[in-house]
Amino acid sequence: MDHAGQFRILTLGNFPVLIRNLWDRVAVQGGFEISHLVHPAYDARRWPADLRTNPIYFFADDIRKVLDLPPGDADLLAALERPGVPTIHNMILSDRVVSTQPYRDALAYATFLAQRCLKIFESINPTVIIGSFDAIHNSIGLAVANQLGIPWVTPLYSALPGNEAALCSSLSPASQITFDRHRESELHSKADAMLAQFEGRKLVASAYVPPPVFSARYVLREVPRQAGTLLQVLRRKRLTRYLRFNEPPKSYSVGAMVAEATRLRKNLWLAKRRSLRVAPPSKPYVFFGLHMQPESSIDVFAHFFSNQERVIELMARSVPPTHSLLVKLHKSDTHNYSNDKLSRWSRYPGVELVSPYANTLEFIKSADLIFAIQGTIGLEGALFGRPVIMFGDSTVKLFPNVTTFGRTVDLPALIRQKLAEAPPARSAIIAAFAKYLAPYYPAVFNDWSIRPPDSQIVDFVKLIGRLTNYRLALDVNADA
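Predicted, not measured: the structure shown is a model, and the values here were computed from it.

Draft legend 1. Structural view of the overall build of the protein chain. In terms of regular secondary structure, the protein chain is built from 18 helices and 13 strands. When burial is assessed residue by residue, the protein chain has 52% of its 480 residues classed as buried.

Draft legend 2. Geometry of the packing of helix α7 (residues 188–199) against helix α17 (residues 426–437). Running from amino to carboxyl end, α7 crosses α17 at an angle of 110°, the nearest separation of the two axes being 8 Å. In terms of orientation, α7 and α17 fall into the roughly perpendicular class. Viewed along their axes, α7 and α17 form a crossing whose handedness is right-handed. Residues His188, Ala191, Asp192, Met194, Leu195, Ala196 and Glu199 of α7 form the contact with α17, whose participating residues are Arg426, Ile429, Ile430, Phe433, Ala434 and Leu437. Grouping the constituent residues of the contact of α7 with α17 by class yields nine nonpolar, one polar and three charged.

Draft legend 3. Quick peek at the pattern of salt bridges. One pass over the full model with this rule turns up 15 salt bridges. Lys418 is the partner of Glu421 in a salt bridge, and the nearest nitrogen-oxygen pair spans 3.0 Å. Relative accessible area serves as the criterion here: at 27%, Glu421 is assigned to the partly exposed category. The structure contains a network of salt bridges with shared partners spanning Asp192, Glu199 and Arg426.

Draft legend 4. Spotlight on the nonpolar core. By size, the foremost hydrophobic cluster in this structure holds 90 residues, and its most contacted members are Phe121, Ile136, Ile140, Phe287, Leu383 and Phe399. No other element matches helix α4 (residues 103–124), which puts 12 residues into this core. Excluding its chain neighbours within four sequence positions, the residues that come into contact with Phe287 are Leu326, Lys328, Thr360, Phe363, Ile364, Ala367, Leu369, Ile370, Phe371 and Ile377. Leu329, Tyr337, Leu342 and Phe391 belong to the second-largest nonpolar core, a separate cluster that totals 31 residues.

Draft legend 5. Quick look at the sheet that holds strand β8 (residues 324–328). Spatial ordering of the open sheet is given by β9-β8-β7-β10-β11-β12, a layout of six strands whose pairing is parallel. Among the strands making up the open sheet, the edge pair consists of β9 (351–354) and β12 (402–404). Averaged over all pairs of adjacent strands, the angle between strand axes in this sheet comes to 25°, irrespective of strand direction. Of the strand pairs in this sheet, strand β11 (residues 388–390) and β12 are connected by three bridges, and their pairing is parallel. Paired with Ile389 across the two strands is Thr403, which belongs to β12.

Draft legend 6. View of α17. For α17, spanning 12 residues, the distance from its first C-alpha to its last is 16 Å, which sits close to the expected 16 Å at 1.5 Å a residue. Residues of α17 that are buried include every one of Ile429, Ile430, Ala432, Phe433, Ala434, Tyr436 and Leu437, and no others.

Draft legend 7. Structural context of the pairing of strand β10 (residues 369–372). Burial along β10 is two-sided: the face carrying Leu369 and Phe371 and the face carrying Ile370 and Ala372 are both buried. Two elements, strand β7 (residues 285–289) and β10, share three bridges in a ladder whose sense is parallel. In the strand pairing of β10, Phe287 is matched with Ile370. Traced from β10 through helix α15 (residues 376–383) to β11, the parallel crossover comes out right-handed.

So, how was this worked out
Residues numbered from 1 in each chain as written. Predicted model: local features only at pLDDT ≥ 70, side-chain atom pairs only at ≥ 80, totals over all residues. Heavy atoms only, no water. Helix = DSSP H or I, 4+ residues; strand = E, 2+ residues; numbered from the N terminus. Buried < 20%, exposed > 50% of the residue type's maximum accessible area, 1.4 Å probe, protein only. Axes fitted to C-alpha atoms, helices over the stretch in contact; angles between N-to-C directions. Parallel < 35°, antiparallel > 145°, perpendicular 65-115°, else oblique. Left-handed = near helix turned anticlockwise from the far one by under 90°. Contact = heavy atoms within 4.5 Å. Nonpolar A, V, L, I, M, F, W, Y, C, P; charged D, E, K, R; others polar. Salt bridge = Lys/Arg side-chain N within 4 Å of Asp/Glu carboxyl O. Core = buried A, V, L, I, M, F, W, Y, C linked by side-chain atoms within 4.5 Å. Pairing = 2+ DSSP bridges. Expected span 1.5 Å × (residues − 1). Right-handed = clockwise from strand over helix to strand, strands pointing away.

Structure representation (structure tokens):
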């Protein structure tokens with residue numbers, strides 16, 4: 001029986017490229033009834049005319065008229081806080097743009113988003129809301145959906161393997177929905193084969209690497225794009241009072257754009273002149289890989305550990321003097337590491353910095369212990385059988401060699417315990433890997449600059465179809 005027509009989907013916070021490349025195609029292919037409350041940076045005037053096949057809603061019908069936001073309603077916002085939903089303060093601090101605004105203005109903007117979500121959600125009454133992990137409008141949307149009793153989900157795209165996705169019911173990656181509880185037994189052979197591929201370096205996690213910004217070819221290639229960006233900046237100048245909540249200053253300020261470009265290039269130039277470790281040492285060490293930031297995997301998934309310098313200090317205070325703490329810079333974030341920041345990190349006891357271009361897997365394989373806030377390094381350490389301590393809540397904790405961080409004062413004892421821990425059997429790693437993979441299904445690759453092929457759209461439709469059947473089954477059981 002086809003339930004697609006009974007299943008009303010509202011997507012939240014999407015840009016035109018995502019609706020064009022994914023959701024409009026999913027609606028056609030799957031026969032789903034899909035409407036969109038789009039990203040707050042868009043209004044009816046700025047939204048592309050060709051993307052109105054499905055109903056479109058805006059946070060502001062004309063952002064030129066949103067000059068004065070409503071006063072911050074602390075009671076309204078506090079009423080949205082509940083288990084499974086971030087606090088309003090975490091929502092603010094997790095948003096890379098809103099977190100830069102004065103607190104009073106941030107509360108006003110959060111109130112504006114909450115009031116609009118309440119109005120739209122009650123008007124449409126969707127069967128499910130599909131959001132994402134990024135930005136305050138999604139976390140506010142989750143909170144409002146919870147208050148109204150509307151299911152909210154978001155896709156979580158896998159790093160190993162690529163082109164697969166799970167659906168999460170909250171802003172934690174550990175909230176993945178398991179559609180088939182028997183699937184892990186079916187994936188045992190796949191997990192075994194993938195582990196062998198991983199060990200043989202035939203399966204690796206992809207990562208974005210910034211282009212060589214000092215090359216003449218790159219500079220010449222970027223001239224037309226940067227000219228277009230400058231023109232957009234000038235056009236957006238009059239929208240500053242509203243756009244300051246959802247676009248970085250460089251999007252509407254020429255001075256900010258120039259200052260940001262200068263800062264990034266200076267950091268890259270200085271980083272190349274620092275002496276950083278490129279190979280594992282012969283002496284014992286523990287290993288920690290920095291996250292790219294801002295990024296949802298740390299700012300949203302692990303609110304209380306998003307201050308990575310604080311995490312480095314916490315580890316340095318807890319690691320015994322028998323081991324060095326090797327901190328690897330993230331190759332996608334090299335341009336954000338200032339000389340002052342790197343010098344400050346190096347001064348913590350036992351800390352050595354690792355080049356962002358060093359082979360991460362070599363450091364993981366030889367480490368006596370792996371630290372991870374979130375992300376792929378924790379998974380890679382678990383697959384290699386190394387002891388792992390995860391700071392954030394993650395499904396990597398399914399592996400027998402992974403322990404989730406508890407109280408701060410207990411970390412030194414936990415580290416000593418993990419350093420003395422015997423490695424798990426390979427069979428135990430395979431069993432945990434199969435369980436880890438169970439919520440993931442073939443979907444699309446998480447790079448929206450590339451239009452997914454039709455075969456991936458078909459796979460994504462099947463994933464949404466599983467959600468459809470799952471939700472309708474829950475509703476039938478509830479009625480019974």
